Amino acid sequence: MLSAFGRAFRTPDLRRKLLFTLGIITIFRLGAFIPSPGVNYQNVQQCLQNGQTAEGLYQLVNLFSGGALLQVSIFALGIMPYITASIIVQLLRVVIPRFQQLYEEGASGQSKLTQYTRYLTIALGLLNATTLVSLARSGQLLPGCNLPIIPDSSVITTILLIITLTAGTGLIMWMGELVTEKGVGNGMSLLIFTSIAATFPTSLGAIWSAQGPGTFFIVLAVGLLTVALVVFVEQSQRRVPVQYAKRMIGRRTVGGTSTYIPIKVNMAGVIPVIFASSMLYLPGLIAQFNQPRQGEQLQPWVEWINNNLVRGDQPIYMVLYFAMIVFFTYFYVAITFNPEEVSDNMKKYGGFIPGIRAGKPTADYLQYVLSRITLPGALYLGFVALIPLVALVLINANQNFPFGGTSILIMVGVGLETVKQIDAQLQQRHYEGLLR
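Rules used throughout
- Residues numbered from 1 in each chain as written.
- Predicted model: local features only at pLDDT ≥ 70, side-chain atom pairs only at ≥ 80, totals over all residues.
- Heavy atoms only, no water.
- Core = buried A, V, L, I, M, F, W, Y, C linked by side-chain atoms within 4.5 Å.
- Buried < 20%, exposed > 50% of the residue type's maximum accessible area, 1.4 Å probe, protein only.
- Helix = DSSP H or I, 4+ residues; strand = E, 2+ residues; numbered from the N terminus.
- Contact = heavy atoms within 4.5 Å.
- Patch = residues over 30% accessible without salt bridge, like charges linked within 9 Å, V, L, I, M, F, W, Y side chains within 5 Å.
- Areas by Shrake-Rupley, 256 points an atom, 1.4 Å probe, with all protein chains shown as cover.
- Salt bridge = Lys/Arg side-chain N within 4 Å of Asp/Glu carboxyl O.
- Expected span 1.5 Å × (residues − 1).
- Polar contact = N/O pair within 3.5 Å; in protein donor to acceptor, adjacent residues only side chain to side chain.
- pLDDT = per-residue confidence, 0-100.
- Axes fitted to C-alpha atoms, helices over the stretch in contact; angles between N-to-C directions.
- Parallel < 35°, antiparallel > 145°, perpendicular 65-115°, else oblique.
- Left-handed = near helix turned anticlockwise from the far one by under 90°.
- Nonpolar A, V, L, I, M, F, W, Y, C, P; charged D, E, K, R; others polar.
- Pairing = 2+ DSSP bridges.
- Phe/Tyr/Trp six-rings, centres within 6.5 Å; stacked < 30°, edge-to-face > 60°.

## Some thoughts on the nonpolar core
With 60 residues, the main nonpolar core has Ile79, Val273, Tyr321 and Leu409 as its most contacted residues. Top contributing element to this core by residue count: helix α17 (residues 360-395), with 10 residues. When neighbours within four sequence positions are excluded, Val273 is seen to be in contact with Tyr321, Ile325, Leu381, Ala385, Thr406 and Leu409. Counting residues in each nonpolar core, the second largest holds 16 residues, with Val72, Ile149, Ile150 and Leu165 among its members.

Spelled out as structure tokens, the structure:
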């Protein structure tokens, strides 16, 4: 493996791409520690040292920003607005026929969708920045900390802070696209990978100091088993065989080849986990805005939400979380994989599945395979996502448990994809690949 990396750095153009990618990642991590204008950096650090952390959806945003959210740095919003915008544009293809037409037009239409995603990213960044500044000023971003995060609450400081955070989101989006264009791998995915990996040393150190070496090594063992499980499932796929008939085009005979349609066990990726986390955060947010005034009694439904849907160690929260992940897995796979479209493309080019007639029988067969292979994928996603919640119950390490949920799914997925791209570029230059 080390010799393969040596060969990669000895190749001039590949070395240039790797160094460019590392340079962008370095700038991205430096921005996570530069405080925004108007923020008292000393007070923020003191609050964080006292163990104040975000909960719910903001815990997910803080994870994707590499801890920059709680420090209210210039990159506090991280890559989350772009992820949300991408998901929204993808879902709108089902609702708005114009978006589906643009997607089917090829490169030109997809470039317009990308432009729409950029505009929506800036709009969401502006909305998230306003929310973050409001939470920081009111003290709800780090509950329990009485130190002022933004001492100057004037209008000019607030506007400057919102513009800075929004500009940081736009800069992150631009850097991610630069990595995709001139570097190695998918830029946005690599920035998310970097943000999550940056939290691992702190999390493991906190477990060592709080729980002791015994728990620390148990966490490492669980982490290795989880990584092995995630790698195994992420690489698993159901290969549907496809045969192409021979055709005469002019004087040439084309077709007559055998291939397959790879249907992955986990086709939805980490999107269902993000959806489920966001949806479960909404009841707590609604209850937060319905807190009683002084002297009034807490409403029963607000009390029930506070007792069952705010903390992840509650059985009702775990059951709902698992069920919503399974539901969103089926929902997202149904949107992203269209058996009828695949069947029509196969029929257009003379392809067929052996033993299955072309047209609607092929679409029905693909739907049959897809619905059954999605079930183990959905159960696997729910199981991995519950690992940090189970860790909260067993060893009280939810905030510091790094191996589970969205973090390990994203890291393994992005790592495998990036290594495959480096391996492909090495093989194009007639070298031995990175993977053996």
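## Looking at a nonpolar patch on the surface
A surface patch of nonpolar side chains, about 260 Å² in accessible area, is lined by Phe9, Leu19 and Leu22. Mapped onto the fold, Leu19 is located in helix α2 (residues 12-31).

## A short note on the pattern of salt bridges
Counted by the stated rule, this structure contains four salt bridges. For Asp364, the salt bridge identified is with Lys360, shortest N-O distance 3.0 Å. In this pair, Asp364 and Lys360 both sit in helix α17, four residues apart, roughly one turn of the helix. By relative accessible area, which is 41% here, Asp364 ends up partly exposed. The class of Lys360 is exposed, set by a relative accessible area of 59%.

## Considerations on helix α10 (residues 187-198)
Taking 1.5 Å as the rise per residue, α10 with 12 residues should run 16 Å; its terminal C-alpha atoms sit 16 Å apart, in good agreement. Its side-chain oxygen placed 3.2 Å from the backbone nitrogen of Met188, Asn186 serves as the N-cap of α10.

## Section: the environment of Leu229
Along the polypeptide, Leu229 turns up in helix α12 (residues 213-235). Classification of Leu229 by relative accessible area gives partly exposed; the value is 29%. With residues near it in sequence (within four places) discarded, Leu229 still touches Tyr380, Phe383 and Val384.

## Digging into the confidence of the model for the protein
Confidence in the prediction for the protein averages 79 pLDDT; 82% of positions are at 70 or higher. Looking over the protein, one finds the lowest element-wise mean pLDDT in helix α4 (residues 57-64), namely 59, and the highest in helix α9 (residues 155-182), namely 90.

## Re the packing of helix α6 (residues 80-95) against helix α15 (residues 315-336)
At a minimum axis distance of 10 Å, the contact between α6 and α15 shows a crossing angle of 65°. Classified by the interaxial angle, the pair formed by α6 and α15 is roughly perpendicular. Handedness of the α6/α15 crossing: left-handed. On the side of α6, the interface is formed by Gln90, Leu91 and Val94, while α15 contributes Phe331, Tyr332, Ile335 and Thr336. When grouped by side-chain class, the residues that make up the contact of α6 with α15 number five nonpolar, two polar and no charged.

## Quick look at the sheet that holds strand β1 (residues 237-244)
Backbone hydrogen bonds are what pair the strands of a sheet, in a parallel or an antiparallel way. If you trace the three strands from one edge of the open sheet to the other, you get β4-β1-β5, paired in antiparallel fashion. The strands lining the two open edges of the sheet, one partner per strand, are β4 (258-264) and β5 (351-352). Two strands pair when backbone bridges link them, and β1 and β5 are joined in this way by two bridges, in the antiparallel orientation. For Tyr244, the partnering residue across the bridge sits in β5 and is Gly351.

## Some words on the packing of helix α7 (residues 97-104) against helix α8 (residues 107-138)
Where α7 meets α8, the closest approach of the two axes is 6 Å, and the angle between their N-to-C directions is 130°. In this view, α7 runs oblique relative to α8, as classed from their interaxial angle. Where α7 abuts α8, its residues Arg98, Phe99, Leu102 and Tyr103 lie against Gly109, Gln110, Lys112, Leu113 and Tyr116. Class assignment of the residues belonging to the contact of α7 with α8 gives a composition of five nonpolar, two polar and two charged.

## Looking at the packing of aromatic side chains
One pass over the structure, following the stated rule, counts seven aromatic pairs. An angle of 75° between the planes, with centres 6.1 Å apart, marks the rings of Trp208 and Phe217 as edge-to-face. Relative to Phe331, the ring of Phe328 has its centre 6.5 Å away and its plane inclined at 75°; by these criteria the two rings are edge-to-face. With Phe328 and Phe331 both in helix α15, this residue pair falls three residues apart, about one helical turn. On the accessibility criterion, Phe331 (36% relative accessible area) is partly exposed. Aromatic ring contacts, followed pair by pair, group Phe327, Phe328 and Phe331 into a single cluster.

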